[in-house]
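As a plain string of letters, each chain reads:
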Amino acid sequence: MNVKSLKTLRYALLLVLTLSIIRVLTGATDLTSVGTASAALLLSVPIALAGLGGLFSERSGVVNIGLEGMMIMGAWAGGMIGTDHGPWIGLLAGVCFGTVGALLHAIATITFGVDHVVSGVAITIIAAGLVRYISTIFYKSGAWLGPSQSPDVASIGTNGIPVLSGGHYFGWQSPDLLSDLAKKQWFFISDVAAILRGLTGDLSYVTMIAVALVPLSFFILWKTSFGLRLRSAGEAPTAAESLGVNVYKMKYAGVLISGGLAGLGGGFLAIVAANHYQENQVAGRGYIGLAALLFGNYRPGGILMGAGLFGFADALQLRDSASIHALILLIVLILVFLVIRDLRKGKLLKAALTLTFAALSLWYYLAVDELPGQLVTMTPYITTLLVMAVASQRLRMPAADGIPYRRGGMR
Amino acid sequence: MSVQAGTVHALVGENGAGKSTVMKILYGMQRPDSGEILVNGTAVHFKNPNDAIAASIGMVHQHFMLADNFTVLENIILGSEPKKGMSIDFVAARAKVVAMAEQYGLEIDPDILVEELGVGQRQRVEILKVLYRGARILIFDEPTAVLVPQEVDDLFSALEGLRAQGMAIIFISHKLDEVLRVADDVTVVRAGSTVAEVKSKDVTARQLAELMVGSELPQPSTHGVTRRDQITLALNDVSIPTSTGSRDLISHISFDLHAGEVVGIAGVEGNGQAELVEAILGLRDYTGSISFNNASIDHMSVAHRHDLGIGFIPEDRQRQALMMDSPLWENRILGHQRSAPVMRGFILDKKATIADTARIMEEFDVRAPGPQTLATALSGGNQQKFIVGREMSKAPALLVASHPTRGVDVGAQGAIWEELRRARENGMAIVLISADLEELIGMSDRLLVMLRGVITAELDPAKTTPEQLGSAMTGAA
Amino acid sequence: MKKLKLSTFLLAIAAPLAAAVVSIIISSLAVLATKKSPMDAYRTMWDFGTTSASLMQMLNTATPYYIAAIAIAITFRAGLFNIGVEGQLRLGAMFGAYFGAMFALPPVFHIIAIMLIAMTIGGLWAAIAGYLKVKRGVSEVISTIMLNSLAGGFSSYLLANHFADLTTASNNLSTKEIPASGQFPNLMPLLNKLGVEDQPGGGVYGMLIFAIALGIIFWFVINRTRFGFELRASGANPIAARVSGVNSKRMTFVALALSGAIAGLAGLPAVLGDTHAFNMGFRTGIGFSAIAVALLGRNNAVGMAISALLFGFLEVSSRSLELIDIAPETYVIMQGSILLSSVIAYEVVRRYKITLQSKELAKAVQA
């Protein structure tokens, strides 16, 4: 792990350096601000939770396209229950409702052998319709102000790590050194400080729990009996059955856990990222979570990185369109880097194409002052597509993923 | 059947006689409808493999039940993991496995991924799996099916060691000389029932064969020389490089094949035979040249090559040649959707296709209710007969047959051999790949041995014994 | 053999029947939960839904569903999942409306031109997913879903900034109206001749005829042509298909692009027959309902037609529920429960059929 971690660290620093340069060039200070880093972390949580959900499900051999639907149920339950019973109960409700959705998926795919993608798509369609149906009932009864929005939910407390990020413990307010450093606007150092401050300060307690779930997932899946057996259900179910592992039970466990995690992610969206449930709140993040899973090659560490990447894209489009505009410059720089690499490898045609792309992007950047709002909302989806296009080739899926399983190895 | 401790008891029968079913019942993967099982005198009822494991029964499967993406250690301890608090105690597990491996002479590296292991090593892992759980009754399901003679020797000495330790070993096989070599007692199964229980020293292989089938076993053999002057297939310096830049998958393969000639390709699985087949069929890119009837086919697609007259009987019929959930008449179309009788212009001629399917079923003795039967309902032998019939319909000039009688019952096996014989006499050139050394020697006019992607020897089947062939295959000769 | 025929028939209707029963139970429970009577609900829906006006609405609602479902079925049969139909039909309709308003051709040609534009755009949008899958190995499930969201943003952008007709003062951004030569004539004159009277609220979209023709062509191509066979083989067993000579990469790309092209047409019935423009009120959700229609209809022409009509009927007739104070969104519960229970029922029946055949085969062989 150590060599890989160093490599990741190097890439991360390189990325921050590039962003620093762009910030100085374009004046888009929001690119590396505390606020953006904070928002990126905030928005990466639901994606990471969905990705972890996908991890448990697919590692047990069940493809779960219904994560989106389970997130919707989680978000809705979070809003509905959280209004009256407080945010923590709301989150718990999110977990429960997500699990119920997962139960449907599990029964359809594991017990009845329905195609996994078909069932997942069906669950998502049903979930969306179901929450709308029940919402209108609430609306009619006067409890809700609108059929697509729940009343507000109280917020959950936040905290930061001591000394560096202004945390408060038992009444003591610690200094906020990183924040002070960030304000100085020193090239690169302030940017690093700002990002670190965004990642470690003013964190919701739920965020901390969610981030802790990543190493916990690793421990469960690779260091415990349960995890080994769950993974065997996805890699070699017949072998596992021959050794007495209850493959059906493992698959159910994988799918139900995935529903719970997705439900938590949805509840997070409704309660922490916003403060009420809103129709279309989830906006495809369940699918982006799946993309994070693929990007991370079915490993928790990779999911976290993918979620961070997509969360960053998500955060930018919400905050400041000048930053998105500046991002185009980043794309130009990346393309130039690729051109140099292609020239070195002797791939002239590919280099020429990439160079044209870079030139076009640069022209667009200079010609347009500000990206229109509708295009900005497309950022997370384009990011996902691009990442998928680059990363899909080296995937190592669990061997029996997506294959309906029957006891005794029959079809 | 009854098995004593410290003995090797063989269970023989042809494919489809019911041996696997008996073993599945013994191992708890299937429930018997009637009858009883007694272990050490006490009646037992197995609801699942856990119960069988608890009764000290361990099964070494024919098709290895291993997770490729797991390490050897993870595969061995799966389902019986030693714990240390909440987590698995990998240290203790590793120690136990290493000690056990040494004790039985089955050394293996516990931390290597199974996908990197060869066939013989994977079998070791299977055996260790069983020993790890304290099995005293070991069941081996066709363990030598994928081994070469030298590996078979290693296995048999391991069996000797286990027998000496007082284990009871049940050995399922249809290779009768091996059975007689290693077993003390033999039970013969035919059409689902026991027909005989004998001591191995009291019978000959021939007698066993007749008990198994109720009649004489078919022999793979060809008669006379039918080779013609015309060269049907010519390979010249064909290689397939690997993407990682290491050793080529196949390297500088060259040979000529005449019409009316059968060339047998021998080799341990994974030494390039499958890739050679893919190159000939056009499923994979290669360097060098392949010509068919003196014209180069290097730039032709799979479809074009097939239409020119290259037929293919694949080794994995369910994966490569059939649509299991479709009726036989739709499967008739597969591979032939570009010409008559299936096609009339761009349109599928359903009536003609169904009629032709019925013809194939009649001519090739495919036992099924009719052309509307789903492919999945047929037995392996009948599926294979259907595929042979389908490929022969266009009288291809070249037939590539990859393990054509694998997993097929004796009756179907004989029928397929007869079909190949007849085709050979009519001038068809055949490339025959097989792990069944008797089939290879019996059916081929020439033998080519492949090792690590290269042709290392050419042998005359009339002068080669299975042992010699096996040595050549592993490079020991 | 006669016994076989009867049991085949029974098996064929067993699944939809079981699904219908289950969904009626679930929907009734949902209505009961709001303390209303399910019988009242069903009766109201039936009374309202069987009026002439409602039946015409049902046909209009079902037409885009059917076209989109055919598009989806093409990919399902090939073992692929085109979930991006929503985006493809949206872009297809918008570009068709925008460019269609720019010129004037003789009547039939104008409509054909608009349809070709819509098909091209839909096909190109889906081809992105096809290219990514074939060249980069990207799962088309994720890429088509992403393209859906992108289509939403892209179409909003284009409509607001480039495509909208700013000469009108309305708040509802819309493309320019398509001239009369590009408007698909209503079927009312034809129906009048058959004795059906005009109803308030418009008539029946002319594209219904086209949809029916499309269904027949779809059935023919899938079941009776070489391309259709190769498509189905790729879905049933991609490896065997490849061995049989199918170019699997080309098939994947063509299936997705073709699917997108047909999907591009699915937004046109309303545009050509009613609004004669693309505006912000363009109906959303057709793509997702069409997925349900395709699944329910088992990807075949007749099944999908029945499913489309069923969904149309449920949607239209459930509007009347408001009159008895029941949420019209009840139809969503009905659709959802039909979808899930039918998908499960089909699988159960399939397994049972295989077991049945194996048993019969064993009997026949032993005889």
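Residues numbered from 1 in each chain as written. Chains lettered and ligands numbered in written order. Predicted model: local features only at pLDDT ≥ 70, side-chain atom pairs only at ≥ 80, totals over all residues.

Caption draft 1: Broad picture of the overall build of chain A. Across its full length, chain A holds 17 helices and 4 strands. For a compact globule of 411 residues, the expected C-alpha radius of gyration is about 22 Å, and chain A comes in at 22 Å, within 12% of that figure. On the principal axes, the C-alpha backbone points of chain A span a range of 60 × 60 × 40 Å. Per-residue burial for chain A yields a buried fraction of 52% across its 411 residues. Sequence-distant contacts in chain A: of pairs separated by 6 or more residues, those separated by 24 or more amount to 75%. (Helix = DSSP H or I, 4+ residues; strand = E, 2+ residues; numbered from the N terminus. Rg over C-alpha atoms; globule rule 2.2 N^0.38 Å. Buried ≥ 20, exposed ≤ 12 C-beta atoms within 10 Å, placed from the backbone. Contact = placed C-beta atoms within 7 Å.)

Caption draft 2: Spatial organisation of the overall build of chain B. Within chain B, the regular secondary structure consists of 17 helices and 22 strands. In terms of overall dimensions, chain B is globule-like: its C-alpha atoms have a radius of gyration of 24 Å, near the 23 Å expected for 477 residues. Counting only C-alpha atoms, chain B reaches 65 × 50 × 50 Å along its principal axes. Within the span of chain B, comprising 477 residues, buried residues form 46% of the whole. Long-range contacts, defined as pairs at least 24 residues apart, comprise 69% of the intrachain contacts of chain B with a sequence gap of at least 6.

Caption draft 3: Expanded view of the sheet that holds strand β22 (residues 454-459) of chain B. All names here are of chain B. With mixed pairing, the 6 strands of this open sheet are ordered in space as β16-β19-β20-β13-β21-β22. The sheet terminates laterally at β16 (310-313) and β22, the two strands that pair on one side only. Each strand axis lies, on average, 20° off the axis of its neighbour in the sheet, ignoring direction. For strand β13 (residues 262-266) and strand β21 (residues 446-451), the ladder comprises 4 bridges, and the chain directions are parallel. The residue bridging Ala 266 from the neighbouring strand is Val 449, located in β21. (Pairing = 2+ DSSP bridges. Axes fitted to C-alpha atoms, helices over the stretch in contact; angles between N-to-C directions.)

Caption draft 4: Inspection of the interface of chain A and chain C at higher detail. Contact with chain A, which involves 37 residues of that partner, is made by 38 residues of chain C. Secondary structure elements with two or more residues in the side of chain A that touches chain C: α4 (87-111), α5 (116-140), α12 (285-295), α16 (373-376) and α17 (379-391) of chain A. The greatest single-element share of the side of chain A that touches chain C, amounting to 14 residues, is contributed by α5 of chain A.

Caption draft 5: Representation of the interface of chain B and chain A within the structure. Chain B puts 24 residues into the contact, and the matching count from chain A is 19 residues. Ranked by residues supplied to the side of chain B that touches chain A, first place goes to helix α2 (residues 49-54) of chain B with 3 residues.

Caption draft 6: Looking closely at the packing of helix α3 (residues 52-77) of chain C against helix α14 (residues 301-318) of chain C. Residues and elements named next belong to chain C. Contact geometry for α3 and α14: axes closest at 7 Å, N-to-C directions at 135°. Comparing their axes, α14 and α3 come out oblique. As α3 runs across α14, the sense of the crossing is right-handed. Listed contacts from α14 to Ser 54, Gln 57, Met 58, Leu 59, Thr 61, Ala 62, Tyr 65, Tyr 66, Ala 69, Ile 70 and Ala 73 of α3 are Met 304, Ala 305, Ala 308, Leu 309, Phe 311, Gly 312, Phe 313, Glu 315, Val 316 and Ser 317. Per-class residue counts for the contact of α3 with α14 are 15 nonpolar, 5 polar and 1 charged. (Parallel < 35°, antiparallel > 145°, perpendicular 65-115°, else oblique. Left-handed = near helix turned anticlockwise from the far one by under 90°. Nonpolar A, V, L, I, M, F, W, Y, C, P; charged D, E, K, R; others polar.)

Caption draft 7: Just the environment of Ala 41 of chain C, in detail. Secondary-structure assignment places Ala 41 of chain C in helix α2 (residues 38-49). Distance from Ala 41 of chain C to Arg 224 of chain C, taken between C-alpha atoms, is 44 Å for residues 183 residues apart in sequence.

Caption draft 8: Seen up close, the pairing of strand β14 (residues 287-292) of chain B. Residue and element names in this part refer to chain B. Relative to β14, strand β11 (residues 231-240) runs antiparallel, the two sharing 5 bridges. Paired with Ala 234 across the two strands is Ser 291, which belongs to β14. Hairpin geometry of β14 and strand β15 (residues 295-296) is characterised by an intervening segment of 2 residues between the two adjacent antiparallel strands and by a positive phi of about 50° at Asn 293.

Caption draft 9: Main features of the nonpolar core. Formed by 377 residues in total, the largest nonpolar core has its most connected members in Ala 68 and Ala 69 of chain C. Not counting residues up to four positions away in its chain, the partners in contact with Ala 69 of chain C are Ala 290, Val 293, Ala 294, Gly 297, Met 304 and Ala 308 of chain C. (Core = buried A, V, L, I, M, F, W, Y, C linked by C-beta atoms within 7 Å.)

Caption draft 10: Focus on the sheet that holds β14 of chain B. Residue and element names in this part refer to chain B. Strand order in this open sheet of 4 strands is β12-β11-β14-β15, and the pairing throughout is antiparallel. Bordering the open sheet on either side are β12 (250-258) and β15, each of which pairs with just one other strand. Inspection of the sheet shows β11 paired to β12 by 6 bridges, in the antiparallel sense. Its bridge partner lying in β12, Ile 231 is registered against His 258. Helix α9 (residues 273-281) rests against β11, β12 and β14 of the sheet, and its axis sits at about 60° to β12.

Caption draft 11: The arrangement of the domain arrangement of chain B in detail. Residue and element names in this part refer to chain B. Domain boundaries in chain B define domain 1 (8-213) and domain 2 (231-474). For domain 1 and domain 2, the distance between their C-alpha centres works out to 32 Å. Residue-level contacts link 9 residues of domain 1 with 14 residues of domain 2. Residue classes in the side of domain 1 that touches domain 2 are distributed as 5 nonpolar, 3 polar and 1 charged. (Domains from an automatic or database assignment.)

Caption draft 12: Region of the structure containing unusual backbone geometry. All names here are of chain B. Of note, Ser 56 is a non-glycine position whose phi angle comes to about 65°, a positive value. Position of Ser 56 among the secondary structure elements: in the loop between α2 and β4 (57-60). Phi at Ala 395 is positive, roughly 45°, even though this residue is not glycine. Examined against the element boundaries, Ala 395 turns out to sit in the loop between α14 (380-392) and β19 (398-402). Looking at Ala 395, the number of C-beta atoms within 10 Å reads 13, which means it is partly exposed.

Caption draft 13: Fine view of α14 of chain B. Residues and elements named next belong to chain B. With 13 residues, α14 should cover 18 Å at 1.5 Å per step; its first-to-last C-alpha distance of 18 Å lies within 8% of that length. Summarising burial for α14: 12 of the 13 residues are buried, a large majority. Those residues of α14 not exposed but buried are Gly 381, Asn 382, Gln 383, Gln 384, Lys 385, Phe 386, Ile 387, Val 388, Gly 389, Arg 390, Glu 391 and Met 392. On the buried face of α14, the contacting elements are β16, α11 (317-320), α12 (328-333), α13 (350-363), β19 and α15 (410-425). (Expected span 1.5 Å × (residues − 1).)

Caption draft 14: Geometry of the pairing of β21 of chain B. All names here are of chain B. Two elements, β21 and β22, share 5 bridges in a ladder whose sense is antiparallel. In the strand pairing of β22, Leu 451 is matched with Val 454. If you look at the hairpin formed by β21 and β22, you'll find 2 residues sitting between the two strands, and Arg 452 has a positive phi there, around 55°.

Caption draft 15: Representation of the environment of Met 324 of chain B within the structure. Residue and element names in this part refer to chain B. With respect to the secondary-structure elements, Met 324 resides in the loop between α11 and α12. The exposure class of Met 324 is partly exposed, given the 19 C-beta atoms found within 10 Å. On a C-alpha basis, the gap between Met 324 and Leu 378 in space is 9.5 Å, while along the polypeptide they are 54 residues apart.

Caption draft 16: Representation of the environment of Phe 154 of chain C in the model. Residues and elements named next belong to chain C. Inspection of the secondary structure assignment puts Phe 154 in helix α6 (residues 140-163). For Phe 154, a count of 19 C-beta atoms within 10 Å puts it in the partly exposed group. On a C-alpha basis, the gap between Phe 154 and Ser 289 in space is 22 Å, while along the polypeptide they are 135 residues apart.

Caption draft 17: Representation of helix α9 (residues 226-236) of chain C within the structure. For α9 of chain C, a buried count of 8 out of 11 residues is recorded, marking the element as mostly surrounded by other parts of the structure. Looking only at α9 of chain C, the buried set comprises Gly 228, Phe 229, Glu 230, Leu 231, Arg 232, Ala 233, Ser 234 and Ala 236 of chain C.

Caption draft 18: Quick peek at the confidence of the model for chain B. Looking at chain B as a whole, the pLDDT averages 87, with 99% of positions reaching at least 70. For this predicted complex, the interface score ipTM comes out at 0.85, while the overall pTM is 0.86. (pLDDT = per-residue confidence, 0-100.)

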